[in-house]
Amino acid sequence: METPGETSSAAARTSPIPLPLRLVFRDPMAAAAVVFLVAIAACALFGPMLIGELVEKPNFRARNMAPFSLEQGFAYVLGADTLGRSLLARLVVGARNTLGIAAAAVLASLLVGGALGLIAGYSRGVLGNLIMRGADIVMSFPSLLLALIVLFSLGPSIPNLVLVLAITRVPIYLRTTRAEVLEVRERMFVSAATALGAGHMRLLFRHIAPIVMPTILTIGALDFATVVLAESSLSFLGLGVQAPAFTWGSMVANGRGYLASAWWVAFWPGLAILLTTLSLNVLSNWWRTYSDPHQRWRLELAKRSKAK
Amino acid sequence: MFGYVFRRSAQSLIAVAGLLVLVFFLSRLTGDPAYLYLPLDSTEAQRQAFNELNGFNDPFYVQFGRYLADLAQLDFGTAMSRNRPAMEVTLEAFPETLKLASIAMTLAIAGALVVGSLAAAKPNGFFDRLSMTVSLAGASAPDFWIAIVAILIFSVSLGLLPTSGTGTPLHWIMPIAVLMLRPFGLLTQVVRGSMLGVLTSPFVKTARAKGVSRRKIIFVHALRNAMLPVVTVAGDLTATLVNGAVVIETIFGWPGIGKLMIDAILRRDFALIQCTVLVTAVAIFLLNIVIDLLYAALDPRIRHQAA
Amino acid sequence: MSNGTPPLLEVEGLTVDFHSATGAFRATHAVSFAVEAGETLVILGESGSGKSVSASAIMGLIDTPPGEIVSGAIRYRGTDITRLDEAQRRTFNGRKVAIIFQDPLSHLNPVYTVGWQLGEVFTGHHKAGAAEARRRSIDVLRRVGIPEPELRIDWYPHQFSGGQRQRIMIGMAIALGPELLIADEPTTALDVSVQAQILDLLKDLQRTEGLGIIMITHDLEVAAHMADRIVVMKSGRIVEEGTARQVFDAPQHSYTRQLMHALPAAGSGAVAPAREGQPVLEVEHLSKTYQMAAGIFAPARELRAVDDVSFTLRRGETLGLVGESGSGKSTVARMLMRLTPASGGRALFHGDDVMAMDRRALLGFRRRVQMVFQDPYSSMNPRMDVFSIISEPWQIHRDILPRARWRERVVELLDLVGLHADHAQRFPHQFSGGQRQRIAIARALACDPELIVCDEAVSALDVSIQMQIVHLLGDLRDRLGLSYIFITHDLPIVRNLADRILVMKAGRVVEEAPTETLFRTPRDAYTRTLIEAAPKPKWLETAAA
């Protein structure tokens, strides 16, 4: 029943770099994932500024140019599409739309789902049930089809796309938050606070919400990958972003017709999607092992055996 | 136990009902169907006549009332784009998707159980790291891209497999392989995580103290307990499988319900949209009941739950 | 050992490390002990002493990694069993040596029947086929005292009670007739009366099968009741060993002496003066009934958790509310604090009915009546530092103390409960169980309450800490003139603190009397059972026999 809390704090004191960061870089896959994601984020933030013009500039000498040759310059190392536009440039710039839409959708669904989950979990009356039934309806239907129907009814535009992606993800946050609130609500320190005289607002925001936040954020990180995939599928099917805006998904759709002649047009964007979601999944897997006290020793042990 | 299944089914039924109402309103929200079905050079009068004839000009609540009445009489309307009863078209396409999905799901589950259990048996070992990488990659891959790359390699370059359609067993290989990739990846992760957790639980310690063999501990003692979250996730995944089916069927030209639904949406065929939604929702509903029963069969604590 | 034959089990110089990011944590330092057939060795120690690690090492249950047996030998009848491979280990575990654990519910596989799990012991060791395994399993169930074994063999673990599950675990352990049984805190999670039955069963089995038993416990009375010899462990080392009588009567090591002081004294003898004073709380016919919803095949049922409980508490008085699990005592506490709504009855606090108070009156009530909860780990928000925890009442009741004086008052309160001023910046997980409970008491004192309800406030703490907290509570009562309602399942612990005791069983009050009167001349049969179920030292029994 006594907890040896001193051992981990001792480690933290010996090095200025925080422990999680040190452990991440011990694992080659997790480290690669971090590096890749940072690179992609940099592309999304700074890409359009740096090589924006190359995106639209047609270059007829480079039409359907194959990759891996530096003939036309470094920008064309991944090849070019039918209009001669640099694929590398389009990839870098496309990161902004792809990641931006996903981030917006995740943020929206996190906030709405989290709030609804707090209410549904805390209230003991009809309201909670009502919210859950609403979530059931959304969840009982394949999200892609729901998105397609909604987008077709409301018209495909970026705000609508974000909206529909957010709506289909809300039930996930809702359910998880609610389940956790239900559990935290019964914990002793909540009873203790009630016995002190705390009211509902205080209990919800001072005690329950801070405990539930980390779980929501963890799901958000994992969900980001799913949303990127969902947006790509929608854009691929033609109901996502419309030209001239583009994401990696719509790039794949554009390249589909040229498979036999210019396979690289469809290949690189899809690969970019794969690597991004893979990195996100690798990292969230790593995070799950790290935050589970029963499993963390596996990470720490790997470090130790390397140090020997 | 039956109380448990009953309650869950009732909840799902409400969801199905809500969904049908939602679809009705969404599919009539924007646009004029006449523009789509009649040729571009048709006159305004012709379009008005078309809408009048098919009841698209009536106020919302009248259309809704008609919709409910039709549903109650099991009249699902005519698929405008094909000029056949909507339900007939739907029920033709549904078994095609069912075949694809059930084979893919079975393979995914079986594979995940074996690979995940073996990975959890020796955590951080070579097999574990390898299988984790493969399953993570599978779970992260955009299915449309994998399909395209597969076609590129196996059809265009190597000429081994056909690009689309049904017919020979060869036609089945790529669609099933691509469809099962994501569920397999996700389920392997879940199985491994669940098994790791169960393998550290106290009753496994008891089994070791009793002198039970390692293989029996993994596959008899641990696996059945680890199955419970797997069943839940597998159930959720089945809805996702329909998502995947839409894309796969579109790319490979498979005449299933996913492709049908996309066509119906693009052609504004209301009756067909409603029909496909209904059939899909009912299928998922029935599947959820099966999952709940499976859950109760696996865990005796749920069977004996006081209502 | 004077005779030439090696002991049944001998542990020599066992050193076990556990590895983590910060290096190795040494769980046991060169631990040595031995046990003979037919003898009971008790390993006595508190949490973190390394006692369970030693037991796990004998059974080969330590996970390596992260654990590592650095050095030492474990010899079974002279043969070293420390580093067996899997096949050898399997001939040993369950057949020669067996182990039972503390929490039987989590140690039984929930998805298989009890019969299947018992039968596996026979079939797994190739001692019987399926049909005979079943027959022998029924015999085992009967031997350990499970009624209707032919029927219950097909039941699942969750369908049994806690005591029965432990019997089943004992059955699984002795099924193949091992020579040594290791019992790791086998009765800690059980009620006192059930504990007595399980301990008797173990003694009975030892007598008929000639078992050697290694019992691990932190409970001094259980140790005195079971042990022939005792080994005392602290922080991974053995600090004392000897016969049971020696260790209890003449402890050599300071730690052992400290432990022995933790035994509740047998009563000071003096009957406390009856506290005269105004009644603070008058509880009349309090009751709580739960409605169980009807299933498809079962009618709706009613569960009476609390049934017509009445008592009066006077100023400065300490009332002990004693009962086993399911007696309703905690439900009474929760109703008094308005954490659970009451189904009937009244509780008059200075004349006002608590059950009927409106929001404003309730807020005022909550200033004057406070509660200390059972689990010091979960009764405080892990994300709030000690300062925030103790000052929270002042945030809720703004008029008690101006904000400028908060820091000063927190330091005063910490001092009052025996902690330091610089503890205010730390977080709950950085403290031990006893320290956390002190923080909880400080929080309860923040509003200057009149009455504090202690709901099993010491039950989750180590034995030596329990008495410290009880002393602290008594001290505070004398200094601040508090009244207490002290709820516990452990009758002896409240002997020195309470003026009067109420005994509850199945929701009803079965006896109420001043403390010493209750202990010396209990009237109700159940009270007598509770008092007698407290384990008595073994040497007294054999002396009397």
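Residues numbered from 1 in each chain as written. Chains lettered and ligands numbered in written order. Predicted model: local features only at pLDDT ≥ 70, side-chain atom pairs only at ≥ 80, totals over all residues.

Draft legend 1. Looking closely at the overall build of chain C. The helix and strand inventory of chain C stands at 20 helices and 20 strands. Relative to the 2.2 N^0.38 estimate, which gives 24 Å for 545 residues, the radius of gyration of chain C is 26 Å and therefore close to what a compact globule would have. In chain C, buried positions account for 44% of the 545 residues. Long-range contacts, defined here as pairs at least 24 residues apart, represent 68% of the contacts in chain C between residues at least 6 apart. (Helix = DSSP H or I, 4+ residues; strand = E, 2+ residues; numbered from the N terminus. Rg over C-alpha atoms; globule rule 2.2 N^0.38 Å. Buried ≥ 20, exposed ≤ 12 C-beta atoms within 10 Å, placed from the backbone. Contact = placed C-beta atoms within 7 Å.)

Draft legend 2. Spatial organisation of the sheet that holds strand β5 (residues 79-80) of chain C. All names here are of chain C. Ordered by their spatial adjacency, four strands build an open sheet running β2-β1-β4-β5, and the pairing between neighbours is antiparallel. Both outer strands of the open sheet, β2 (23-35) and β5, are each paired with one neighbouring strand and no more. Both strand β1 (residues 9-20) and β2 contribute to a ladder of nine bridges, which runs antiparallel. Bridge pairing links Asp17 to Arg26 in β2. The strands touched by helix α1 (residues 51-59) are β1, β2 and β4 (67-76); relative to β1, the strand with the most contacts, the crossing angle is about 110°. (Pairing = 2+ DSSP bridges. Axes fitted to C-alpha atoms, helices over the stretch in contact; angles between N-to-C directions.)

Draft legend 3. Representation of the pairing of strand β6 (residues 97-100) of chain C in the model. Residue and element names in this part refer to chain C. Both faces of β6 are covered, namely the face carrying Val97 and Ile99 and the face carrying Ala98 and Ile100. As paired strands, β6 and strand β7 (residues 180-184) are joined by four bridges and run parallel to one another. Directly across from Val97, in β7, lies its bridge partner Leu180.

Draft legend 4. Representation of the interface of chain C and chain B. Opposite the 30 residues of chain C that make contact, chain B presents 23 residues. Those elements that provide at least two residues to the side of chain C that touches chain B are α2 (86-92), β6, α3 (104-107) and α4 (114-124) of chain C. It is α4 of chain C that provides the largest number of residues to the side of chain C that touches chain B, a total of three residues. Residue classes in the side of chain C that touches chain B are distributed as 15 nonpolar, ten polar and five charged. (Nonpolar A, V, L, I, M, F, W, Y, C, P; charged D, E, K, R; others polar.)

Draft legend 5. Quick look at the packing of helix α6 (residues 126-140) of chain B against helix α8 (residues 170-199) of chain B. All names here are of chain B. For the pair α6 and α8, interaxial distance at closest approach is 7 Å and the crossing angle is 135°. As summarised for this structure, α6 and α8 are arranged oblique, according to the angle between their axes. Once α6 is placed against α8, the crossing between them reads as left-handed. Together, Ser131, Ser135, Leu136, Gly138 and Ala139 of α6 and Leu181, Arg182, Phe184, Gly185, Leu186, Thr188 and Gln189 of α8 make up the contact between the two elements. Looking at the contact of α6 with α8 residue by residue, the class counts come to five nonpolar, six polar and one charged. (Parallel < 35°, antiparallel > 145°, perpendicular 65-115°, else oblique. Left-handed = near helix turned anticlockwise from the far one by under 90°.)

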